[in-house]
Amino acid sequence: MQSRPVGDVQVSAVGLGEMPLSIEGRPDERRSLATIHAALDAGVTLIDTANSYHLPPDEAGHGEELVARALAAYGGDTSAVLVATKGGMTRTPDGGWGTDGRPDYLKRCCEESLKRLGVEAIGLYQHHRPDPDVPYAESIGAIRDLLDAGKILRAGISNATPEHIREANEVLGGRLVSVQNRFSPVFRSSEPELALCDSMGLTFLAYSPLGGIGRAADLGTRVARFAEVARSHGVSPQRVALAWMLAKSPVLVPIPGSTRPETVTDSAQAPELALSAAELARLDTA
Ligand SMILES: NC(=O)c1ccc[n+]([C@@H]2O[C@H](COP(=O)([O-])OP(=O)(O)OC[C@H]3O[C@@H](n4cnc5c(N)ncnc54)[C@H](OP(=O)(O)O)[C@@H]3O)[C@@H](O)[C@H]2O)c1
């Protein structure tokens, strides 16, 4: 598969989002492992997870432990795989999501993630979401301390505005490598952040690239032009959506979630799908 940079390393142009394997509606362990293994078979070398990908209220780290088990059980070489995890969000007892950006909390979460992943340093650690109750520079200051201490090798942020991106990069002393924001055919309001990442040379990890869990299957009905282009190429509308966003910028890496080997394998072929300039223009205005 084609590759794209995340800081000093190259990863597959399409990653795997682990969230649907850990939250409500997740499959059993056997299918979860088969899904991650299918991603590795297809050449995926970026797996995104978070300490908050688990069922509420208190099963923290399910996703990280699953990824660690999947990598350990895989027969092939996994040395090129970059595991990206996050801290700063929580599950609430009612099944919702909360934020906790206190520096001490973030540092504690990172220590726990290190143990679950079974590594000495985390490949990419991302601050999950700004906490309205904690100054952003304080939360990012904790990420800077983790970098300085060698607990994490690379630092990223998520759910960020252009102001957050500039501020985080400043607090990190120019060492920010990635921004993970929502971006899909049906949700395009992260275009300013994508443009800024492009100009700063930061990786833009597009989350929920197919519209999100429970909505990805009917992408082609919701945005009919993606289905039209898909029909003319004999591929899925989801693969067209990923190819369309890959063409937007060389720094963009979509991280579609999956609960089945079939969908992972399909998504991983998106970088090989060449769309014409006319098709891309039609999809831009869909
Ligand atoms: N930073 C954040 O705040 C944040 C928020 C949300 C998500 N994320 C990250 O982004 C990742 C992706 O987002 P998401 O899981 O919410 O939504 P998504 O990727 O838009 O949609 C996930 C769904 O897409 C389906 N799918 C994947 N490839 C497909 C294909 N080729 N054809 C048909 N269907 C396909 C999967 O179906 P099957 O179940 O049938 O396989 C899965 O249920 C997450 O896993 C997580 O790592 C981050």
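As a starting point, this report considers the structure included with it. (Residues numbered from 1 in each chain as written. Predicted model: local features only at pLDDT ≥ 70, side-chain atom pairs only at ≥ 80, totals over all residues. Heavy atoms only, no water.)

Side note on the site of the ligand
Thought 1: Lining the immediate surroundings of the ligand are 29 residues, of which Asp48, Gly257, Thr259, Thr263 and Asp266 lie closest.
Thought 2: Contact distances for the ligand include 2.9 Å between a nitrogen atom and a side-chain N or O atom of serine 267.
Thought 3: Starting from 900 Å² of accessible surface for the ligand in isolation, the protein chains cover 90%.
Thought 4: The greatest single-element share of the shell around the ligand, amounting to three residues, is contributed by helix α10 (residues 261-267).
Thought 5: For the shell around the ligand, a count of residues per class yields 10 nonpolar, 14 polar and five charged. (Near = heavy atom within 4 Å. Polar contact = N/O pair within 3.5 Å; in protein donor to acceptor, adjacent residues only side chain to side chain. Areas by Shrake-Rupley, 256 points an atom, 1.4 Å probe, with all protein chains shown as cover. Helix = DSSP H or I, 4+ residues; strand = E, 2+ residues; numbered from the N terminus. Nonpolar A, V, L, I, M, F, W, Y, C, P; charged D, E, K, R; others polar.)

A few points about the packing of aromatic side chains
The geometry of an aromatic ring pair is captured by the separation of the ring centres together with the interplanar angle, meaning the angle of the planes.
Thought 1: Within this structure, the stated rule accounts for four aromatic pairs.
Thought 2: For the pair phenylalanine 226 and tryptophan 244, a centre-to-centre distance of 5.4 Å together with 85° between the ring planes defines the contact as edge-to-face. Remark: tryptophan 244 occurs in helix α9 (residues 237-246) and phenylalanine 226 occurs in helix α8 (residues 224-233); sequence separation between them is 18 residues. When sorted by exposure, phenylalanine 226 lands in the same class as tryptophan 244, which is buried. (Phe/Tyr/Trp six-rings, centres within 6.5 Å; stacked < 30°, edge-to-face > 60°. Buried < 20%, exposed > 50% of the residue type's maximum accessible area, 1.4 Å probe, protein only.)

Digging into the state of the cysteines
Thought 1: Counted under the stated rule, the structure contains zero disulfides.
Thought 2: In this structure cysteine 109 is a free cysteine whose sulfur lies 8.7 Å from that of cysteine 110, the closest cysteine sulfur available.
Thought 3: On the basis of relative accessibility, which here comes to 0%, the residue cysteine 110 falls in the buried class. (Disulfide = S-S within 2.5 Å.)

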